[in-house]
Amino acid sequence: MRLESLIHGILLRTFQLLTCDQMEKLSYDFLEERLPKYRMAQIHLHLITCPQCLRFMRSYRKTRGLNEHLPRPKLDPQFKEAMFQFLMAERRTH
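So, how was this worked out
- Residues numbered from 1 in each chain as written.
- Predicted model: local features only at pLDDT ≥ 70, side-chain atom pairs only at ≥ 80, totals over all residues.
- Heavy atoms only, no water.
- Salt bridge = Lys/Arg side-chain N within 4 Å of Asp/Glu carboxyl O.
- Buried < 20%, exposed > 50% of the residue type's maximum accessible area, 1.4 Å probe, protein only.
- Helix = DSSP H or I, 4+ residues; strand = E, 2+ residues; numbered from the N terminus.
- Expected span 1.5 Å × (residues − 1).
- Arc of directions from axis to C-beta.

Participant: Describe in detail the pattern of salt bridges, supporting the description with residues and values.
Facilitator: Under the counting rule described, the total for this entry stands at 2 salt bridges. Note that Glu-32 and Arg-34 form a salt bridge whose closest N and O atoms lie 3.8 Å from each other. When its relative accessible area of 29% is taken as the criterion, Glu-32 is described as partly exposed. Residue Glu-32 pairs with Arg-64 through a salt bridge whose shortest N-O separation is 2.2 Å. Of this pair, Glu-32 sits in the loop between helix H2 (20-31) and helix H3 (37-49) while Arg-64 sits in helix H4 (residues 51-67), and the two are 32 residues apart along the sequence. Classification of Arg-64 as buried rests on a relative accessible area of 19%.

Structure below.
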């Protein structure tokens, strides 16, 4: 077992760090800074102890940055309305 994995496991149990799956699910909100301070701190701790997630986060951040420079297609207003109605209906059923 690599030392990094051992340290990560100890910190995970001791300080209730996030798992890699939890980290991935929270990555968008983390980059948007939409999480409570305690959750942001948990993510920072996870990134310090998990090189794999740190690489993922760097790649994800870079990809999002590249996407910001792409042109945005204009949606047909009828399509937008139909999609909105569909999503609202889905929301009511769940």
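Participant: Which residues make up H4, and what are the values?
Facilitator: The end-to-end C-alpha distance of H4, which contains 17 residues, comes to 24 Å, matching closely the 24 Å that a straight helix rising 1.5 Å per residue would cover. For H4, the full list of buried residues reads Cys-53, Met-57 and Arg-64. Viewed end-on, H4 has its buried residues packed into an arc of 40°, placing them on one side of the element. Turned more than 90 degrees from where H4 packs its buried face, Gln-52, Arg-55, Arg-58, Lys-62 and Leu-66 sit exposed.

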